[in-house]
Protein chains: 2
Amino acid sequence: MRRVELTVAYDGTNYAGWQVQDNALTVEEVLNRALKELTGEEIAVTGASRTDAGVHARGNLAVFDTASPIPPEKFARALSARLPKDICVVSSREVPEDYHPRRVKTRKTYEYRILNSRTPDPLRRLYTWHRYEPLDVTRMQQAAAYLVGEHDFASFCSPHTQAKTTVRTIHALTVERADDEIRLRVTGNGFLYNMVRIIAGTLAEVGRGQTAPEKIPEILAACDREASGPTAPPQGLTLIAITPEADDPENTEK
Amino acid sequence: MRRVELTVAYDGTNYAGWQVQDNALTVEEVLNRALKELTGEEIAVTGASRTDAGVHARGNLAVFDTASPIPPEKFARALSARLPKDICVVSSREVPEDYHPRRVKTRKTYEYRILNSRTPDPLRRLYTWHRYEPLDVTRMQQAAAYLVGEHDFASFCSPHTQAKTTVRTIHALTVERADDEIRLRVTGNGFLYNMVRIIAGTLAEVGRGQTAPEKIPEILAACDREASGPTAPPQGLTLIAITPEADDPENTEK
């Protein structure tokens, strides 16, 4: 037996998120099926990030154990040929057999795209949040700066969280305009349930003048979901990459 | 009665093209239905460009006559509210009652997007043509230069054309790399059936080293569809805009 890690990209539009559930198709389930078709084994992958319904990924990670003679790096192509076009295994590699993608210290990077234009765009409707009111990027950048660092993000977390602690570290949070889009990029050591979408919703409130950038510290201090802005819709969000916490020699939470 | 022009954007993925046909849903049909719902009138719009199945648009034009009291510029919003999210009327305005969008001299601009990357991208699968072999943009630019100007484009036209002449003028044709995408932009006074897609397919052959850039004049001179490259798939193509031929005081073909 050996353990193989997959880097998976997908368009979340047609899936009820990552995690297997009854009565709804998920990315995990489609991967498990393709693995069974390929190897003949009953395989249940373990994902690094359980993205929500409608959320996309360029670099989610999944591991599984297999007795298959297929070389680990060949799984990417062999699986992609058996997957629908909205899921692609970008690469595959062997990892140590005690490696578990949710127990390793990593940095995750997400992107949130806001289409800030007078009219909606049918060609980007599945990948952006359309806001027609002009959003002030400078104000959003000022607000974003307050969120960088280690904070209790309880105000930026769905009350449905099962996390033991709501303290997280954001390493970087940038807000940039590219033509009629505003793109948020956030890198952190882990994200609470809906955290990036609540950050996006709150920064949009700042951008349209509804909330002052200087109010962010108060919102953080409140530790109350009611203090922050709305949860931005899922289709604007893409999990870009999950990378090992390079500067930590231990690199596990065990 | 007055004549109203609509500027229409759509994602062509789920449509059998623009033009009404039996047993398949088209953009034109969906627009006609929304107009009936809005005005109570049986309206059949006339489109400026009959895009193919799977081809997208940011600025196709359609005109219709109506006795409705709705102000012409209000049709955009009122219609968009009645349309599925993959079709949007970007703007609307009154036009002279003898104005016909296919009888006026215009410039059309199309964009063709090639995703030139080792692995496919599920998030761009509906809007790009994926080519994994490295394409040389400089060679593609050299080839493109030969196509600019007035030429007989019979070699770049589906044999199924009904056009009286295959002579057309390309005003500009640019090829640019943006990260892992290669974008072709072409502006001309009119395009033959499949012309932009055959240009894209031929330039891709040049880009991967299969055809020399200097062979383009020969390909043009052959006036034979067999001389050029393959027809690139529809999903990479977007009709960007149709604008009046400004420097022509007559501005009609009548």
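Data block above holds the structure.
Described below are features of the structure shown in this document. (Residues numbered from 1 in each chain as written. Chains lettered and ligands numbered in written order. Predicted model: local features only at pLDDT ≥ 70, side-chain atom pairs only at ≥ 80, totals over all residues. Heavy atoms only, no water.)

1. Some words on the packing of aromatic side chains
Thinking step 1. Throughout the structure, instances matching the rule amount to 11 aromatic pairs over all chains.
Thinking step 2. Aromatic pair Phe64(A) and Phe75(A): ring centres 5.4 Å apart, planes at 70°, arrangement edge-to-face. Here Phe75(A) lies in helix 2 (residues 75-80) and Phe64(A) lies in strand 3 (residues 56-66), a separation of 11 residues in the sequence. Neither residue differs from the other here; Phe64(A) and Phe75(A) are each classed as buried.
Thinking step 3. When the ring of Tyr112(B) is compared with that of Trp129(B), the centres are 6.3 Å apart and the planes differ by 90°; the resulting orientation is edge-to-face. Pair noted here: Tyr112(B) is in strand 5 (residues 106-115) and Trp129(B) is in strand 6 (residues 129-130), with a separation of 17 residues, a long-range link. Note on accessibility: Tyr112(B) and Trp129(B) belong to one class, buried. (Phe/Tyr/Trp six-rings, centres within 6.5 Å; stacked < 30°, edge-to-face > 60°. Helix = DSSP H or I, 4+ residues; strand = E, 2+ residues; numbered from the N terminus. Buried < 20%, exposed > 50% of the residue type's maximum accessible area, 1.4 Å probe, protein only.)

2. Observations regarding the interface of chain A and chain B
Thinking step 1. Facing 23 residues of chain A, the contacting portion of chain B comprises 23 residues.
Thinking step 2. Between chain A and chain B, the buried area comes to about 1800 Å², and carbon and sulfur atoms account for 60% of it.
Thinking step 3. Interface area lost by chain A to chain B is led by Pro122(A), Leu123(A) and Arg125(A), which between them contribute 35%.
Thinking step 4. A salt bridge links Asp121(A) to Arg58(B); the nearest nitrogen and oxygen atoms lie 2.7 Å apart. (Contact = heavy atoms within 4.5 Å. Buried area = accessible area lost by both parts, 1.4 Å probe. Salt bridge = Lys/Arg side-chain N within 4 Å of Asp/Glu carboxyl O.)

3. Some points on the pairing of strand 8 (residues 167-178) of chain B
When a strand is regular, its side chains alternate between the sheet's two faces.
Residues and elements named next belong to chain B.
Thinking step 1. Where strand 7 (residues 149-152) and strand 8 come together, four bridges link them in antiparallel fashion. Each residue of the ladder has a partner; that of His 151, found in strand 8, is Arg 168.
Thinking step 2. Direction of pairing for strand 8 relative to strand 9 (residues 181-188): antiparallel, over a ladder of eight bridges. Among the inter-strand pairings, Arg 177 is bridged to a residue of strand 9, identified as Ile 182.
Thinking step 3. As consecutive antiparallel partners, strand 8 and strand 9 are separated by two residues, and within that stretch Asp 179 has a phi angle of approximately 55°, a positive value. (Pairing = 2+ DSSP bridges.)

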